[in-house]
Amino acid sequence: MLFIIFFTASAYSQTEERRVISNVIDLRECLRIGLENNFDLQIARNQELVSENNVTLGNAGYLPQVSVSSGYNLRSSNTDQIPAEGDEVVENRNSNTQTLDAGINLNWSLFEGFRVQTNYKRLKELQSAGELYTRLEMENLIANLTAEYYNYVQQQIRLGNLQYAVSLSKERLRIVEARYQVGSLSRLDLQQAKVDFNADSSQLIQQYEILNRSRIKLNELMGVDVESEFIAQDTTIIFNESLAKDELFDRTMAQNTFLQISESNLTLSELELRNLRSRNYPYLRLNAGYGFTHYNYNSGNLERQRNWGPNVGLTLGYTLFDGFNRKREQKNQQIIIRNRELEVERDKLVIESDFANMWMAYQNNIELTNLEIESLENATINYEIAMERYRIGDLSGLELREAQNSLLEAEQRLLTAQYNTKLYEISLMQISGNITTFLQ
């Protein structure tokens, strides 16, 4: 059994040696690296560039289309000419006609019921929507990175708590072994001390794995090598206790990105209806060009012929009947707009509900944290008293173990309350559109 104890202690030392920390990193640095390297955010930015590039006068339909064309044609024919009177038939065999033409053409929609103007507004709105989606992705990244960073801090602190628990168990084991050697304690006491020491050691080993998983997740979110090693600069989880509910709520209803995307979708649907209504108007189109045609003949009175010159024309038209499709599409779009309005109202209600739940949980966890601070102070005093009594033989090993477990549980409960409070603070900052404050 002593071999197992020494082997376990040796394993801790080797494990710590393998985990050589290369640097210390704080939250701002994590966020800076993540905003530069995160793949999802890079994809969102590229999609935003596409919507930005689409905002042009030509894409909206303001500008004309100009094209150049040319062609060559060879025609071979045989002809029999039979006169109305007489028997002589005029035969013409292998008559070839070569045609070469070239031209430049311009087509321009001068008026299509304000469709062009509506298209341009739609492209601008799509650009704004692209910016909103990028902002939403950035806010999600900041929130996730901040939450994972403080989870990493939490796991570091928990690792320290478990290391302290192992040291307490080791001290208890030393005392038990000394008393066992002089015969003041039984072998049962020694065995129980070894069992408790190994149990604490097992939790410590598992905590290294949990800490490693959190570090890998942080590296993934930052878009760097998942094997990169570091420690968090923060040694405690500090949260803001002075958030103002009314101010946060007003900002939430005015700045929430998800709600702004919902309102943007409503605007796009309204623009689509205006686009459909443009078909209720006539259209006016300009057609212009300049052409050149060259003919080569090997029969007849002409050997060559050339034609060239400009052409211009206007086309005015109106769709009188299209099978009632125009009316049907506009009616359906009005229904879609009504659904978008309902979605906006629904999203507002959902956000109000989420905010209320987050605020209540935030307040409760602040109170819970304060309560757990008091509990930890009492558990610490209780363990110190128990350890002193144990040293003089006035307390059993089981009672000391109970005091030690109470101390560890109080530390873990306080840490969990602090982390949960920080998570709700992050959520409140995100829902109110103020998540970028963590960058400062």
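Remember, it's a predicted structure, so these values are computed and weren't measured experimentally. (Residues numbered from 1 in each chain as written. Predicted model: local features only at pLDDT ≥ 70, side-chain atom pairs only at ≥ 80, totals over all residues. Heavy atoms only, no water.)

**Q** Any chance you could explain the environment of leucine 248 here in plain terms?
**A** As for its placement among the helices and strands, leucine 248 is situated in helix 7 (residues 245-255). The spacing of leucine 248 and leucine 428 is 180 residues in sequence and 7.6 Å in space, taken between C-alpha atoms. The contacts of leucine 248, once residues within four sequence positions are left out, are Leu243, Phe355, Trp359, Leu428, Met429, Ser432 and Asn434. (Helix = DSSP H or I, 4+ residues; strand = E, 2+ residues; numbered from the N terminus. Contact = heavy atoms within 4.5 Å.)

**Q** What is the right way to read helix 2 (residues 27-37) from this model?
**A** A turn of α-helix holds 3.6 residues, and therefore any two residues three or four places apart point the same way. Along helix 2, the residues that are buried comprise Leu27, Cys30, Leu31, Ile33, Gly34 and Leu35. In this structure, the buried residues of helix 2 make contact with strand 1 (24-25), helix 3 (39-53), helix 5 (115-182) and helix 6 (187-222). (Buried < 20%, exposed > 50% of the residue type's maximum accessible area, 1.4 Å probe, protein only.)

**Q** Mind showing me how you'd approach helix 9 (residues 325-391) here?
**A** Compared with the 99 Å implied by 1.5 Å per residue over 67 residues, the 93 Å span of helix 9 between its first and last C-alpha is a close match. Remark: glycine 393 follows helix 9 within two positions and exhibits a positive phi of approximately 80°. (Expected span 1.5 Å × (residues − 1).)

**Q** It is not clear to me how the environment of methionine 387 should be interpreted in this structure. Could you clarify?
**A** Among the structural elements, methionine 387 can be located in helix 9. Take methionine 387: its relative accessible area is 7%, and that puts it in the buried class. Spatially, the C-alpha atom of methionine 387 lies 9.7 Å from that of glycine 397, the residues being 10 residues apart in sequence. When neighbours within four sequence positions are excluded, methionine 387 is seen to be in contact with Glu171, Ile175 and Leu400.

**Q** Can you walk me through the packing of aromatic side chains in this structure?
**A** By convention here, two paired aromatic rings are described through the distance between centres and the angle between planes. Counting across every chain of the model gives 11 aromatic pairs. When the ring of tyrosine 62 is compared with that of tyrosine 120, the centres are 6.0 Å apart and the planes differ by 80°; the resulting orientation is edge-to-face. Here tyrosine 120 lies in helix 5 and tyrosine 62 lies in the loop between helix 4 (57-60) and strand 2 (65-81), a separation of 58 residues in the sequence. Judged by its relative accessible area of 32%, tyrosine 62 is partly exposed. Accessibility expressed as a relative area gives 26% for tyrosine 120, which makes it partly exposed. Arranged with centres 5.3 Å apart and planes meeting at 85°, the rings of phenylalanine 111 and phenylalanine 114 form a pair that is edge-to-face. By relative accessible area, phenylalanine 114 is classed as partly exposed at 43%. Put simply, the rings of Phe249, Phe355, Trp359 and Tyr362 touch in pairs and so form one group of aromatic residues. Between arginine 179 and the ring centre of tyrosine 390, over which it is positioned, the NZ or CZ distance is 5.2 Å. A cation over a ring is seen here: arginine 285 above tyrosine 283, with NZ or CZ 4.1 Å from the ring centre. (Phe/Tyr/Trp six-rings, centres within 6.5 Å; stacked < 30°, edge-to-face > 60°. Lys NZ or Arg CZ within 6 Å of the ring centre and 35° of its normal.)

**Q** Quick question: what am I supposed to make of the side chain of aspartate 347 here?
**A** Topologically, aspartate 347 is positioned in helix 9. In contact with aspartate 347, other than residues within four places in its own chain, are Phe258, Leu259 and Ser262.

**Q** Please clarify how the pattern of salt bridges should be interpreted in this entry.
**A** Side-chain pairing between opposite charges can occur once the charged atoms of the two side chains come close. Counted by the stated rule, this structure contains 22 salt bridges. A salt bridge links glutamate 171 to arginine 174; the shortest N-O distance between them is 2.6 Å. Here the residue glutamate 171 and the residue arginine 174 both occupy positions in helix 5, the gap between them amounting to three residues, near one helical turn. Given a relative accessible area of 45%, arginine 174 falls into the partly exposed group. In this structure, glutamate 372 engages arginine 413 in a salt bridge whose closest nitrogen and oxygen atoms are separated by 3.1 Å. Here glutamate 372 is found in helix 9, whereas its partner arginine 413 is found in helix 10 (residues 397-431), with 41 residues between them in sequence. Owing to a relative accessible area of 9%, glutamate 372 belongs among the buried residues under this scheme. In the salt-bridge network here, residues are joined through shared partners; they are Arg172, Asp196, Asp200 and Arg401. (Salt bridge = Lys/Arg side-chain N within 4 Å of Asp/Glu carboxyl O.)

Purely geometric numbers; function is a separate question.
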